[in-house]
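Now for the letters of each chain:
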Amino acid sequence: MEHLVINGQRQLCGEVSISGAKNAAVAIIPAAIMAQGKCVIENLPSIEDVYSLVDTLTNIGARCEFVNDNTLVVDSSNIIKYCATYESVKKIRASYYLMGALLGRFKKAEVAMPGGCNFGTRPIDQHLKGFKALGAEYTISHGIVKLSAQKLVGSNIYLDMPSVGATINIMLAASMAEGVTVIENAAKEPHIVDTANFLNMLGARVKGAGTDVIKITGVSELHGAEYMIIPDQIEAGTYMIAGAMAGGDVLVKNIIPKHMDPLSAKLQDMGCVIYEGDDSIRVISTGNLNPTTVKTMTYPGFPTDLQPQMTALLCVANGTSILTENVWDNRFQYINELKRLGGNITVEGRVAVVEGVRQLMGAEVNATDLRAGAALVIAGLAAKGITTIGNVKYIDRGYEKIERKFSELGADIRRVKSE
Ligand code: EPZ
């Protein structure tokens, strides 16, 4: 087991370079299954979710090779299996993208139900609705989703809600269906646009990604390509919030500032000074913060994946803040851990009322999921005394070298192996 040990109350100053987007990587790697030939995927984050997916692709016959820490070559020419077992997919939620990719290529797929973060129910009914509309039949038994289709035929699909996963999964399968598929009420997150751009590099014909109507004209074969993943919007936001909370002057580099707009606006409301560059954002904070209200929404609204980190920040604002979680039905399980650090938070359903306190105090806490773990790191960096964070494996799923990046900003944080 490993945990992070933080000695808090040090200002953060300096530069941090953001890695490739996890939620783009976990879609683009499975998408490479559909390519007859080699894909070279650059700017991959060096995180556990990427390694889990590479293991899965290797298990079904793809040839995967890291040419450096952040560049992967995938050759799917000789994939013969369309089954992804529970052993290989249990650690990662985004294993569901294997369904769309395998169905697209083989018109068959057998994939264990997704694992991943333990907050709220994480259904896939909209994914299955899309696959059925394309002509696939499916059964779910013993935790395995089995899909098959004589052939996939384009169709019009109206999503009940703008689901990121369903939008991407349908896009994958529809890329190799016969005819035209239109997805309406589609999600618009940056990683959806990135996945669509990758598919088009493979020879797919996807139009409208980033809007709520996506049109896919299916093709019979996809070829290999070289592609660079976009920077991670959520990792960038995590470091911006950490700078705001600890106080200091942090330059977050290698990002797309436009993706950070909802967070930059909130941090300015709270009293931070924000300078936007072409591919960077500078956050200057005294640590003396105004309270605010936050409502998570699908993109381009405030990202739900920055909700835990924002709640940590609100714990030390000068007054009462209100945060409403509109995407997930139960994404506050980490609150008790923040309370152990001295946070004064009351949760009613989807609403958290946060009374700012003068000072958080270090404590022993455990990450309950990926972004909750990041929130505890941020809170520990601002807290007085020592904070130890267990279940670091959750954090490593989505953050590359988190302790090194924070140390380079002046934090006193280290990773400790424990029995
Ligand atoms: C993706 O999850 C992200 N994961 C999540 O990030 C993120 O929180 C979420 O999108 C929202 O932005 C990946 O991209 C791997 P959804 P996903 O389908 O696709 C309901 C992280 O920290 N829904 O957009 O599973 C669902 O219950 C992770 O990086 C259905 O009801 O999210 C939720 O309330 C955590 N039926 C809402 O829609 C479905 O078939 C949004 O879910 C699908 C979703």
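Residues numbered from 1 in each chain as written. Predicted model: local features only at pLDDT ≥ 70, side-chain atom pairs only at ≥ 80, totals over all residues. Heavy atoms only, no water.

Asker: Describe the overall build of the protein, with residues and values.
Answerer: Tallying secondary structure elements over the protein gives 14 helices and 24 strands in all. The C-alpha radius of gyration computed for the protein amounts to 21 Å, which stays within 12% of the reference 22 Å derived for 419 residues, consistent with globular compactness. By principal-axis analysis of the C-alpha atoms, the protein measures approximately 65 × 45 × 40 Å. Counting only residues that meet the buried cut, the protein has 58% of its 419 residues in that class. Counted over contacts in the protein with a minimum sequence separation of 6, partners at least 24 positions apart contribute 72%. Working note: accessible area of the protein is about 15,900 Å², and carbon and sulfur atoms make up 49% of it. (Helix = DSSP H or I, 4+ residues; strand = E, 2+ residues; numbered from the N terminus. Rg over C-alpha atoms; globule rule 2.2 N^0.38 Å. Buried < 20%, exposed > 50% of the residue type's maximum accessible area, 1.4 Å probe, protein only. Contact = heavy atoms within 4.5 Å. Areas by Shrake-Rupley, 256 points an atom, 1.4 Å probe, with all protein chains shown as cover.)

Asker: Now, about the site of the ligand: what can you tell me, with residues and values included?
Answerer: Taken together, 25 residues lie near the ligand, and Q126, S163, G165, D305 and V327 sit nearest. Between the ligand and K22 there is a distance of 3.1 Å, counted from an oxygen atom to a side-chain nitrogen or oxygen. Between an oxygen atom of the ligand and a side-chain N or O atom of D305, the distance comes to 2.6 Å. When the free accessible area of the ligand is taken as 830 Å², the share hidden by the protein chains comes to 92%. Here the shell around the ligand spans two domains, since at least three of its residues come from each of domain 1 (2–19 + 231–417) and domain 2 (22–228). (Near = heavy atom within 4 Å. Polar contact = N/O pair within 3.5 Å; in protein donor to acceptor, adjacent residues only side chain to side chain. Domains from an automatic or database assignment.)

Asker: Which residues make up the nonpolar core, and what values go with them?
Answerer: Ranked by size, the top nonpolar core spans 77 residues in total, and within it I41 and L199 carry the most contacts. If sequence neighbours within four positions are ignored, L199 has contacts with A31, M34, M171, L172, S175, A204 and V206. Among the nonpolar cores identified, the runner-up in size contains 71 residues, and M310, L313, V354 and I402 belong to it. (Core = buried A, V, L, I, M, F, W, Y, C linked by side-chain atoms within 4.5 Å.)

Asker: With reference to specific residues and values, describe helix α4 (residues 97–106).
Answerer: Along α4, nine of the ten residues are buried, which leaves the element largely enclosed by surrounding structure. Every buried residue of α4 is accounted for by Y97, L98, M99, G100, A101, L102, L103, G104 and R105. Positive phi shows up at K107, right after α4, with a value of about 60°.

Asker: Help me get a handle on the domain arrangement of the protein, residues and values and all.
Answerer: Taken domain by domain, the protein consists of domain 1 (2–19 + 231–417) and domain 2 (22–228). Computed over C-alpha atoms, the centres of domain 1 and domain 2 are 30 Å apart. The interface of domain 1 with domain 2 comprises 25 residues on the first partner and 24 residues on the second. When domain 1 packs against domain 2, the two sides together hide about 2,000 Å² of surface, and 52% of this comes from carbon and sulfur. If you sort the residues of domain 1 by the area they bury against domain 2, Y299, W328 and R397 come out on top, with a joint share of 34%. Connecting domain 1 to domain 2 are one salt bridge. In this structure, the salt-bridge partner of R397 is D49, at a minimum N-O distance of 2.8 Å. At the junction of domain 1 and domain 2, the tally comes to six residue pairs in polar contact (both at pLDDT 80 or more). Within the side of domain 1 that touches domain 2, the residues separate by chemical class into seven nonpolar, eight polar and ten charged. (Buried area = accessible area lost by both parts, 1.4 Å probe. Salt bridge = Lys/Arg side-chain N within 4 Å of Asp/Glu carboxyl O. Nonpolar A, V, L, I, M, F, W, Y, C, P; charged D, E, K, R; others polar.)

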